[in-house]
Amino acid sequence: SCGNQNGEKIPEQKVASPKAQIEEEMNPPTVYGAKAEIEAYLKRINPHVQEVGRIQLLVDKNIGSSGRATGSNLAPVMKSVKPNLEAILDTLAGLNPPPLLSSFHAKFKNLVTLRIVAYDTTVRGYELEKETGDLSLYEEAEANLDEANKLIVLLNEEMGKIMESLVSSSSQQTASPK
């Protein structure tokens, strides 16, 4: 029997099958899961990430030279781009992210939802302002936009870590054995 001097069994060494080794080399793990899975997910959501950014730039551009956000300069553009955000949210709802990216995915959906709510509230606020002069709904819209902007910071940090994990899994894969 196999054993050491004390008579204890020596643990059997697990050797990965050649097929499993090749699969891992082709698809090295990252801290977020299999590299191919992460890359496929990022490829699917990237156009939507870009579009959300483009929409925000469009809205920001409409603040105008006064540098002041008003219902009259924001409501029309927000109303026009809201369907785009709703379409993105529908698409995101249908995507299944890799398990370790589900938190990132949920935050991104939340960001889009907050923007939709803020845009909708701004449009309603502008109608209310025109009818009664009441500006109270704008505070609610601003609070949603502030929360969305905080999420952007978190999402950007997280995306940086995800990209870093992909790069480090690639460099580990190509590193020569010592």
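Residues numbered from 1 in each chain as written. Predicted model: local features only at pLDDT ≥ 70, side-chain atom pairs only at ≥ 80, totals over all residues. Heavy atoms only, no water.

Examining the overall build of the protein
Consideration 1: The number of helices and strands found in the protein is five helices and two strands.
Consideration 2: Pairs at least 24 apart in sequence give 68% of the contacts found in the protein among residues at least 6 apart.
Consideration 3: Summing over all exposed atoms, the protein offers an accessible surface of approximately 11600 Å²; the carbon and sulfur share of this is 55%. (Helix = DSSP H or I, 4+ residues; strand = E, 2+ residues; numbered from the N terminus. Contact = heavy atoms within 4.5 Å. Areas by Shrake-Rupley, 256 points an atom, 1.4 Å probe, with all protein chains shown as cover.)

Some details on the pattern of salt bridges
Consideration 1: Inspection of the entire model under this criterion finds seven salt bridges.
Consideration 2: One salt bridge connects Glu-86 with Lys-82, and the closest N-O pair in it is separated by 3.6 Å. Of this pair, Glu-86 and Lys-82 both sit in helix H3 (residues 71-94), separated by four residues, roughly a single helical turn.
Consideration 3: The exposure class of Glu-86 is partly exposed, given its relative accessible area of 33%.
Consideration 4: A single network of salt bridges, built from pairs that share partners, joins Lys-82, Glu-86, Asp-120 and Arg-124. (Salt bridge = Lys/Arg side-chain N within 4 Å of Asp/Glu carboxyl O. Buried < 20%, exposed > 50% of the residue type's maximum accessible area, 1.4 Å probe, protein only.)

Digging into helix H2 (residues 35-61)
Consideration 1: Taking 1.5 Å per residue as the helical rise, H2 with its 27 residues ought to reach 39 Å, and the 37 Å between its terminal C-alpha atoms agrees with that figure.
Consideration 2: The sharpest bend along H2 comes to roughly 40°, located at Ile-45, with the proline Pro-47 sitting one to four residues further on.
Consideration 3: When we look at burial in H2, the residues that qualify are Lys-35, Ile-38, Tyr-41, Leu-42, Ile-45, His-48, Val-52, Ile-55, Gln-56 and Val-59. (Expected span 1.5 Å × (residues − 1). Bend = angle between axes of the 7 residues up to and from the residue.)

Considerations on the layout of surface pockets
Consideration 1: Each pocket or cavity is described by its volume, and for the largest pocket that value is around 480 Å³.
Consideration 2: Ala-69, Thr-70, Leu-74, Glu-142 and Leu-145 are, among the 19 residues lining the largest pocket, the residues nearest its centre.
Consideration 3: Secondary structure elements with two or more residues in the lining of the largest pocket: H2, H3, helix H4 (102-132) and helix H5 (136-174).
Consideration 4: Ranked by residues supplied to the lining of the largest pocket, first place goes to H5 with six residues.
Consideration 5: Grouping the constituent residues of the lining of the largest pocket by class yields nine nonpolar, five polar and five charged.
Consideration 6: Considered as a void within the structure, the second largest pocket measures approximately 260 Å³ in volume.
Consideration 7: In this structure, the second largest pocket is lined by 13 residues; those nearest its centre are Val-49, Phe-108, Leu-111, Ile-152 and Asn-156.
Consideration 8: At the level of elements, H2, H4 and H5 are the ones that each hand at least two residues to the lining of the second largest pocket.
Consideration 9: Here the element with the most residues in the lining of the second largest pocket is H2; it accounts for five residues.
Consideration 10: Residue classes in the lining of the second largest pocket are distributed as nine nonpolar, three polar and one charged. (1 Å grid on protein atoms, 1.4 Å probe; cavity = no way out; pocket = protein on both sides within 12 Å on 5 of 7 lines; lining within 4 Å. Points joined across faces, edges and corners; volume = space filled by probe spheres on them. Nonpolar A, V, L, I, M, F, W, Y, C, P; charged D, E, K, R; others polar.)

Quick look at the nonpolar core
Consideration 1: Ranked by internal contacts, the top residues of the largest apolar core, which has 31 residues, are Val-112 and Tyr-119.
Consideration 2: Listing elements by their share of this core, those giving two or more residues are H2, H3, H4 and H5.
Consideration 3: Sorting elements by how many residues they give to this core places H4 first, with eight residues.
Consideration 4: Ignoring any residue separated from it by four or fewer positions in sequence, one finds Tyr-119 in contact with Ile-55, Gln-56, Val-59, Met-78, Val-81, Leu-85 and Leu-145. (Core = buried A, V, L, I, M, F, W, Y, C linked by side-chain atoms within 4.5 Å.)

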